[in-house]
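These are the residues of each chain, in order.
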Amino acid sequence: MDQITNNIIQTYKDKGVLNHLEGPNLPSRKSIRRIIRNLESIIFPGFESEEDLNNELISYTIGAKLQQLTKDLTFEIRKSLKFGCRMKHKDENCHICAESAEETTFYLLNKIPEIREVILLDVEAALSGDPAAKSSEEVILSYPGLEAIVIHRFAHELYKKEVPLIPRMMNEYIHRKTGIDIHPGARIGRWFFMDHGTGIVIGETTIIGDNVRIYQGVTIGALKVIKEEAEVKRHPTIEDNVTIYSGATILGGKTVIGRNSIIGGNVWITGSQKENSRIYLKPPEYIVRKGNPS
Amino acid sequence: MDQITNNIIQTYKDKGVLNHLEGPNLPSRKSIRRIIRNLESIIFPGFESEEDLNNELISYTIGAKLQQLTKDLTFEIRKSLKFGCRMKHKDENCHICAESAEETTFYLLNKIPEIREVILLDVEAALSGDPAAKSSEEVILSYPGLEAIVIHRFAHELYKKEVPLIPRMMNEYIHRKTGIDIHPGARIGRWFFMDHGTGIVIGETTIIGDNVRIYQGVTIGALKVIKEEAEVKRHPTIEDNVTIYSGATILGGKTVIGRNSIIGGNVWITGSQKENSRIYLKPPEYIVRKGNPS
Amino acid sequence: MDQITNNIIQTYKDKGVLNHLEGPNLPSRKSIRRIIRNLESIIFPGFESEEDLNNELISYTIGAKLQQLTKDLTFEIRKSLKFGCRMKHKDENCHICAESAEETTFYLLNKIPEIREVILLDVEAALSGDPAAKSSEEVILSYPGLEAIVIHRFAHELYKKEVPLIPRMMNEYIHRKTGIDIHPGARIGRWFFMDHGTGIVIGETTIIGDNVRIYQGVTIGALKVIKEEAEVKRHPTIEDNVTIYSGATILGGKTVIGRNSIIGGNVWITGSQKENSRIYLKPPEYIVRKGNPS
């Protein structure tokens, strides 16, 4: 048994990728999950927990969550920034990390009211966009597409502040939960609705306007995959009021889908489309052995 | 900090969607998860937990679970029905909710033996339908498609009883877990098998017969999305003994796939098909740069 | 209430599929999850937990995890082997199960250093293959495709040792988490990278070479589904350096995709392809109502 232990520890020394010797210094997935839970329950108070929320208690309840959130965010963001410093200029003890971690945390906390207003528009979009949606409460309590955009809107703020690791960890946690893979870099407008959601992929440099609706299995991706082009815009721009039906694929950093367009199911697009375009798959030919009444 | 707290609480007053002031009155996702866990372990006793199940203990074990289940169901259904009352006729204290919550709970509990028989047929269907399936135990312990249909069969009973929120919450919890999105309204026959499952979407007004087999990425959906048509049949009817291979899309409330038909992979159908139809995608033309032996 | 309990217990007697009378004797999903957690944190020490990992503590920390892992694996594998005996030759008390459970456990534990080396190559493949990947830490902390291949590499070892149930339970747990469905039987080479991952299906008898890259929604599956053919090779062979883009489907046990080939998005292939092939979907005809500037 000791032999096995030693053999394994040996590979840590030979083969690296070890989360480092003096205590953990990478963000903790456990804390990220708690951050997400607290953000969700601050945006939709009372929807997750069993808590009481009468007028006396509410400022106390929310205050307590914000305390925890501040603690977690500051701690995890600091580790991420320090990690960034190590990556860039091997500087283990850059002193700005600590304070800019606090700055970024309060930047995000101060954004909550504004982000919440945008999220309530996403709820509206789901309610008006899905015939099966019976109430905004149903949307908030059950729609995976809503959960994905809620967390994305926070992760994107941290991405803009160039916080390493955490934004991606937030979106990949939601990806695991919902099957919706939005890179935190994607810029997404208001009234955004993803129906069903499973299999949706939205790339890092995607730009999406207002009032866009996307269905399951849609890919908004890169035309080809070249590591060197990491810095250029690799993903499409989708203008306002566009609907993209299930299984459609739209590729390329220069591709622009003009406003008010509809992209039909399974359509595969690698070039720009004018405003008001309607693009449907021409029913492909089938090999049909027609059935006879039995 | 207090400032931030107050700003956030302000948005609750301005912007609503708050789970309301005197204690929570929406179903709790936590309780829904416990309801699902208990239903699963009653249907397949001993498959989830570490519990002992000898003849003396079993009636005690199952009895205890039923107790918890009754408590949770009654409590959550009551909140859902009260929510429905508020939606319909702003009546906060309709007194029938409480007792009809009990009725509905016992309706569901009394259905368990019958539903369990149907579920055992679903296990048979998976075992006989998948060459990779080695035993019914493997199917029960690991197949996401089975878990999805098990919970759907219960959620559908609550949907028929017009319980708001809970049926959808049950299926969306399973959707998150399995990537299979079945609306609780869908009517599904016996011997139902979904292989792999990820990306399957089955709409609210779908009707599926007996002995139907569906593969990953299949959509059974609406032809167009019009909020006004929420009441009409928007999704297809699939008759007995139909197989639908991966990535196929079948749309429209008037679409009927006749019995004994086979719908090939990636096929896109918006109209009815006769019995015994075989419909395959005609191999599309490819741009091929043939490889030469290197 | 007692009535309901009795009715349900009655169905256990009539309808079987009960996890059996003298204590559980099927692998526990809870223990499988703990096994997976411990394997992941041994492969990537410090990436999951909050634990301290300085030089003094590390051998203790890893040792403790190995203890737990040994205990869980031996116990769960023994139950699985005994289950296999019951299936094959109704022998409840075959005495070899116990010791071969220990053998298999130590076989797997001794494999950890070797498997870890291969997994570090998978991390390299993700980092070099994805322009959005910023660091190997990001890949390890967030990429679902990496988590899926990590667990598959262990499950495949147990599959080769013909342990029933557990390998499939491991991969289906990860399938639920990531939307990636790899059968534990699949043989997969080094530098394997799945980007985005959701909807990927890789069948039991698939063989994949080195340096293969696969995108979301790709199916590597069987041409037709015949229970009788469970023993033959039903799934394709993918040679070295092949890239398969999103939504492509490759079917059939005789299908071989030659080395250095590229299979484009949504391509549907049921036959072999030479080395260095480039196969893209010919842009299908669309029904386009061109938009006019509004």
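Just so it is clear, the model here is predicted, and its values are computed rather than measured.

> Give me the overall build of chain A: which residues, what numbers.
A count of helical and extended segments in chain A gives seven helices and 15 strands. For chain A, buried positions account for 61% of its 294 residues. Of the contacts made within chain A by residues no fewer than 6 positions apart, 48% connect residues no fewer than 24 positions apart. Total accessible area on chain A is roughly 11500 Å²; 52% of this is exposed by carbon and sulfur atoms.

> Which residues make up the environment of D14 of chain C, and what values go with them?
Residues and elements named next belong to chain C. Assignment of secondary structure puts D14 in helix α1 (residues 2-15). According to the relative accessible area criterion, D14 is exposed, its value standing at 52%. Sequence separation of D14 and K224 is 210 residues, and the distance between their C-alpha atoms is 35 Å.

> Requested: an account of the interface of chain A and chain C, with residues and values cited.
With 63 residues of chain A at the contact, the number on the chain C side is 66 residues. In total, about 5700 Å² of surface goes out of reach between chain A and chain C, with carbon and sulfur atoms giving 57% of it. Close ionic contact of E147 of chain C with R176 of chain A constitutes a salt bridge, the shortest N to O distance being 2.8 Å. Here strand β14 (residues 278-281) of chain A runs beside strand β15 (residues 286-289) of chain C; their pairing, made up of four bridges, is antiparallel. Bridge pairing in β15 of chain C places R278 of chain A opposite R289 of chain C.

> Describe the confidence of the model for chain A, and please don't skip the residues or the numbers.
Averaged over all residues, the pLDDT of chain A equals 89, while 89% of them reach at least 70. Both scores are given for the predicted complex: the pTM is 0.94, the ipTM 0.92.

> Before we move on, can you summarise the relation of the copies chain B and chain A with the specific residues and values?
Superposition record for chain B on chain A: RMSD 0.0 Å, screw rotation 120°, translation along axis 0.0 Å. As the rotation angle and translation indicate, the two copies are arranged about a three-fold axis. Here only 5% of the interface residues in chain B have copies in chain A that are interface residues too; the copies meet through unlike faces.

> An account of the interface of chain B and chain A is requested, with residue identities and associated values reported.
Contacts between chain B and chain A engage 63 residues on the former and 66 residues on the latter. Contact between chain B and chain A buries roughly 5700 Å² in total, counting both sides, with carbon and sulfur atoms accounting for 57%. One can count three salt bridges joining chain B with chain A. For the interface between chain B and chain A, the tally reads twelve residue pairs in polar contact (both at pLDDT 80 or more). Here the side of chain B that touches chain A takes eight residues from helix α1 (residues 2-15) of chain B, the largest share from any one element. Its residues assigned to classes, the side of chain B that touches chain A comprises 26 nonpolar, 20 polar and 17 charged.

> Explain the side chain of E204 of chain C to me, and be specific about the residues and the numbers.
Among the secondary structure elements, E204 of chain C is positioned in the loop between β4 (201-202) and β5 (207-208). Within polar-contact distance, the side chain of E204 of chain C engages the side chain of R234 of chain C at 3.1 Å. Not counting chain neighbours up to four residues away, the residues in contact with E204 of chain C comprise A132 and K134 of chain B together with Y159, H183, G185, A186, R234 and H235 of chain C.

> Just give me the short version of helix α2 (residues 29-43) of chain B, but keep the residues and values in it.
Side chains of residues three or four places apart in an α-helix project in the same direction, reflecting 3.6 residues per turn. Residues and elements named next belong to chain B. End to end, α2 covers 21 Å across 15 residues, agreeing with the expected 21 Å (1.5 Å per residue, within 8%). With eleven of its 15 residues buried, α2 lies for the most part within the structure. Where α2 is concerned, the buried positions are R29, S31, I32, I35, I36, N38, L39, E40, S41, I42 and I43.

> Kindly report on the pairing of strand β14 (residues 278-281) of chain C, identifying the contributing residues and their values.
Residues and elements named next belong to chain C. Across the two faces of β14 the burial differs, with I279 and L281 buried and R278 and Y280 not buried at all. Strand direction decides the pairing type here: strand β12 (residues 262-263) and β14, joined by two bridges, are parallel. Across the sheet, the residue bridging to I263 is I279, located in β14.

> Tell me about the relation of the copies chain A and chain C, and please be specific about residues and values.
By a simple turn and slide, chain A fits onto chain C: the slide is 0.0 Å along the axis, the RMSD is 0.0 Å, and the turn is 120°. A low fraction, 5%, of the interface residues of chain A reappear at the interface in chain C, so the copies pair through non-equivalent surfaces.

> Provide a residue-level description of the domain arrangement of chain A, including the pertinent values.
Residue and element names in this part refer to chain A. Partitioning chain A into structural domains gives domain 1 (23-180) and domain 2 (186-280). Inter-centroid distance (C-alpha atoms) of domain 1 to domain 2 is 25 Å. Every contact between the two is made by 20 residues of domain 1 and, on the other side, 18 residues of domain 2. Interface area, domain 1 with domain 2, both sides summed: about 1400 Å², of which 59% is carbon and sulfur. If you look at where domain 1 meets domain 2, you find zero salt bridges. Our enumeration of links across domain 1 and domain 2 arrives at eight residue pairs in polar contact (both at pLDDT 80 or more). The set of elements that each furnish at least two residues to the side of domain 1 that touches domain 2 consists of α4 (96-129) and α6 (144-160). Of the residues forming the side of domain 1 that touches domain 2, the biggest block, eight residues, is contributed by α6. Class assignment for the residues of the side of domain 1 that touches domain 2 results in ten nonpolar, six polar and four charged.

> Before we move on, can you summarise the environment of T270 of chain A with the specific residues and values?
Residues and elements named next belong to chain A. When you line up the elements, T270 lands in the loop between β13 (268-269) and β14. T270 sits in the partly exposed class, given a relative accessible area of 41%. In the structure, T270 is positioned 19 residues away from L251 in sequence and 4.9 Å away in space, judged by C-alpha atoms. Residues within four places of T270 in sequence aside, it is in contact with L223, L251 and T255.

> Mind laying out the packing of aromatic side chains, listing which residues take part and the relevant values?
Residue and element names in this part refer to chain A. Tallied over the full model, the rule gives six aromatic pairs over all chains. Taken together, a centroid distance of 5.1 Å and an interplanar angle of 25° make the contact between Y215 and Y245 stacked. Of the two residues, Y215 sits in strand β6 (residues 213-215) while Y245 sits in the loop between β9 (243-244) and β10 (249-251), which places them 30 residues apart along the sequence. A cation over an aromatic ring shows up here: K161 above the ring of Y107, its NZ or CZ 4.2 Å from the ring centre.

> Can you explain the packing of helix α2 (residues 29-43) of chain C against helix α4 (residues 96-129) of chain C? Please cite residues and give values.
Residue and element names in this part refer to chain C. In the contact formed by α2 and α4, the axes pass within 10 Å of each other and the chain directions differ by 70°. Classified by the interaxial angle, the pair formed by α2 and α4 is roughly perpendicular. Contacts from L39, I42 and I43 in α2 reach I112, R116 and I119 in α4. A breakdown of the residues in the contact of α2 with α4 according to their chemical character gives five nonpolar, no polar and one charged.

> Explain unusual backbone geometry to me, and be specific about the residues and the numbers.
In terms of backbone geometry, most residues other than glycine have negative phi values and most peptide bonds are trans. All names here are of chain A. In the Ramachandran plot, W191 falls in the positive-phi region, its phi being about 50° despite a non-glycine side chain. Although it is not a glycine, N266 adopts a positive phi angle of roughly 65°. With respect to the helices, strands and loops of the structure, N266 is situated in the loop between β12 (262-263) and β13. Relative accessible area serves as the criterion here: at 19%, N266 is assigned to the buried category.

Conventions and cut-offs
Residues numbered from 1 in each chain as written. Chains lettered and ligands numbered in written order. Predicted model: local features only at pLDDT ≥ 70, side-chain atom pairs only at ≥ 80, totals over all residues. Heavy atoms only, no water. Helix = DSSP H or I, 4+ residues; strand = E, 2+ residues; numbered from the N terminus. Buried < 20%, exposed > 50% of the residue type's maximum accessible area, 1.4 Å probe, protein only. Contact = heavy atoms within 4.5 Å. Areas by Shrake-Rupley, 256 points an atom, 1.4 Å probe, with all protein chains shown as cover. Buried area = accessible area lost by both parts, 1.4 Å probe. Salt bridge = Lys/Arg side-chain N within 4 Å of Asp/Glu carboxyl O. Pairing = 2+ DSSP bridges. pLDDT = per-residue confidence, 0-100. Least-squares fit on C-alpha atoms with pLDDT ≥ 70 in both. Polar contact = N/O pair within 3.5 Å; in protein donor to acceptor, adjacent residues only side chain to side chain. Nonpolar A, V, L, I, M, F, W, Y, C, P; charged D, E, K, R; others polar. Expected span 1.5 Å × (residues − 1). Domains from an automatic or database assignment. Phe/Tyr/Trp six-rings, centres within 6.5 Å; stacked < 30°, edge-to-face > 60°. Lys NZ or Arg CZ within 6 Å of the ring centre and 35° of its normal. Axes fitted to C-alpha atoms, helices over the stretch in contact; angles between N-to-C directions. Parallel < 35°, antiparallel > 145°, perpendicular 65-115°, else oblique.

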